[in-house]
Each structure stands twice: as structure tokens, then as C-alpha cells.
Amino acid sequence: MNTVLGRRSRILAATTATAGLLLVAGCSSDDSGGASKTAAGGVKLVKGGQLTVCTHLPYPPFQSVIDGREQGFDVSLVDIVAKNLGVKQKILDTPFENFKTGAFLNSDQCDLGAAGMTITEERKKNVDFSDPYFDATQAVLVEKKSAITSAADLKGKKIGAQAQTTGEDYAKSKNLDPVSFESSDAVLNGLRTGQVEAVIIDYPVVQGWLKTPANADAFKVVDNLNTGEQYGFTVKKGNTKLLAALNKAIKDAKADGTYKKLYEQWIGPYVESAATPSAS
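Residues numbered from 1 in each chain as written. Predicted model: local features only at pLDDT ≥ 70, side-chain atom pairs only at ≥ 80, totals over all residues. Heavy atoms only, no water.

Visitor: Whenever I open this one, the state of the cysteines confuses me. Can you help?
Guide: Put plainly, two cysteines are in a disulfide when a covalent bond ties their sulfur atoms together. This model, assessed by the stated rule, comprises 1 disulfide. Shown here is the disulfide that connects cysteine 54 with cysteine 110, its sulfur atoms set 2.0 Å apart. On the sign convention where negative is left-handed, the bridge of cysteine 54 and cysteine 110, at about 60° about the S-S bond, is right-handed. Of this pair, cysteine 54 sits in strand β3 (residues 50-55) while cysteine 110 is found in the loop between α4 (103-106) and β7 (112-113), placing the two residues 56 residues apart along the sequence. (Disulfide = S-S within 2.5 Å. Helix = DSSP H or I, 4+ residues; strand = E, 2+ residues; numbered from the N terminus.)

Visitor: Just checking my understanding: could you explain helix α2 (residues 73-85) for this structure?
Guide: Quick reminder: α-helices carry 3.6 residues per turn. Residues three or four places apart thus point the same way. Taking 1.5 Å per residue, 13 residues should reach 18 Å; α2 reaches 19 Å between its end C-alpha atoms and fits that length. Residues of α2 that are buried include every one of Phe73, Asp74, Val75, Ser76, Leu77, Val78, Val81, Ala82 and Leu85, and no others. (Expected span 1.5 Å × (residues − 1). Buried < 20%, exposed > 50% of the residue type's maximum accessible area, 1.4 Å probe, protein only.)

Visitor: What exactly am I supposed to notice about the pairing of strand β9 (residues 134-143) here?
Guide: Every regular strand shows the same layout, with side chains that alternate between the two sheet faces. With 8 of its 10 residues buried, β9 lies for the most part within the structure. With 9 bridges joining them, β9 and strand β13 (residues 219-231) adopt antiparallel strand pairing. Each bridged residue has a counterpart across the sheet, and for aspartate 135 the counterpart in β13 is glutamine 230. (Pairing = 2+ DSSP bridges.)

Visitor: Teacher, can you tell me more about the sheet that holds β9 here?
Guide: Reading across the sheet, the 5 strands line up as β11-β10-β12-β9-β13 and stay open at both edges, with mixed pairing between neighbours. Each end of this open sheet is capped by a strand with a single partner; those strands are β11 (179-181) and β13. Sheet twist, expressed as the average angle between the axes of neighbouring strands with direction ignored, equals 25°. With 2 bridges joining them, strand β10 (residues 159-162) and strand β12 (residues 198-202) adopt parallel strand pairing. Within the sheet, the bridge partner assigned to glycine 160 lies in β12 and is valine 199. (Axes fitted to C-alpha atoms, helices over the stretch in contact; angles between N-to-C directions.)

Written out as C-alpha cells, the structure reads:
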């Protein structure tokens, strides 16, 4: 009898101690260096004190490493969101396929995705999109000496595109059998080294490339394909508070001139339609 009671007492003591440890662990896991996981407006963050953003580098002019830090149009817009939440933006470089599945959001690796990502019905099944913040088209880029003059000349040619993107999807829809590259930089290098004869990729990316004199001397845009694409930021399904914060930042930036300023800084001459995109 005494043995049984003694054992029971030990079990109760251990249970109490474990519960105490769990309580302490629960408290400590709710912060990062003392920072709260709850930001302004009740927005829950995966890590205290920062807005953790998944992207796929490089993808200029939306996000790339310049002078040792991540910069670009998307980065600047999300900085506004982070400032409104009273935190700093922290960027993680992740594989692009994760953006289609929402894997990094569902695993609480990141709070949101910002990767020049086109809003599609298929992707909406896995993530929630912000309001559109950019209208995009697909460009056909070739070497200046190329005989290709439009998209109509691409049949039978070796075409390059970035893997898992709408540019790749477009090429496949036209039965072009594109060569897929891991990043936008690799796409351009494929054209530069003769691995492909033309590339299909988002026009803003091409605009960014052609800002470099060497690229402007070597390459030319021969077609611009209006595919009705719009970019959006992504959050975990049901994360309504962060989604509202994103939409507010986009709306306010367009209203107060910040959007126009950032557009001209990172993209090029401002296009009014980009500030008032039609419904996706």
C-alpha cells in the first residue's frame, strides 16, 4: 500500500513539474528575445518582433540582393506593412514551388510570401492573396542579332523560362517546350550563353535587366504578351488580420503617392493602370 502511494505521489509530482515546464516553455515560445508575437492590430506573427517574409531570390526588380541586402519593389512595399505593424521585415530565400503550395506558410516558416507572384485560381486553393498590387505582362527577349521578331517566330526555337512560373506555363500552352531554369538570373544567362534563342518572362523583370547598359546593348524585346496577370502577396489561408494589413498598406501607398514613387524607383516610368488594377 505504501509503495503504491509513494509511486502515485512521485507520478503526481512529476506531472506537476512537467506541467510547470510546459507552462514556462509556452510562455518563452511566445516571444523572440522578449518581443511579442502579436503585432499592431492583433496580427499574429510566426516570430516575435519581425514580419517573416518568404521570397525566391533573385527576381529583380521585385527582390534581389543589392549591396549586401535584399531590396526591390516588393521589399519596399512589404516594409510599409512591417512599419505599420511596428516590426521589421525579415526575408527568407525559399524554393519557388513552395509559393504555389503554400508549404512555408502552413508550416509557420513565414508570415507571408512576396515573390512577384501571379494570382491564379489554382494557387488560391492553397493560399489567400492580397489585393492585386501590380499588373504584369510577359515579354519575349532575344539577342539583338536574332532573326526572331515576334512571338509568332518562336515555333521550333529553343525557348527559356523560369521554372514554376506563368511564363513557363504560357510557353507550354503554345506548345513551345521551354527549357526551364531555376532563377531569373539563370534564364538570362541561358540566353547570353546560347543555351536558348529566346526567353519568355515577366516584362518588369526584363525592364530591370535592360537598365544595365551591357544588357541593353546585347538584347531586345520583340513582343509583349498581355496575359492579364496580376501580382499579389500571399498569406496562410484564414489569416484575415494580416491580409487586411497588407490590403491597407497597398491602398494607402497608392493614395499618398508612395506607390508611384516606388514604381518609378524600381520598375520604370509610371503606368496609371498599375495603380488601379482590374479585379483579378
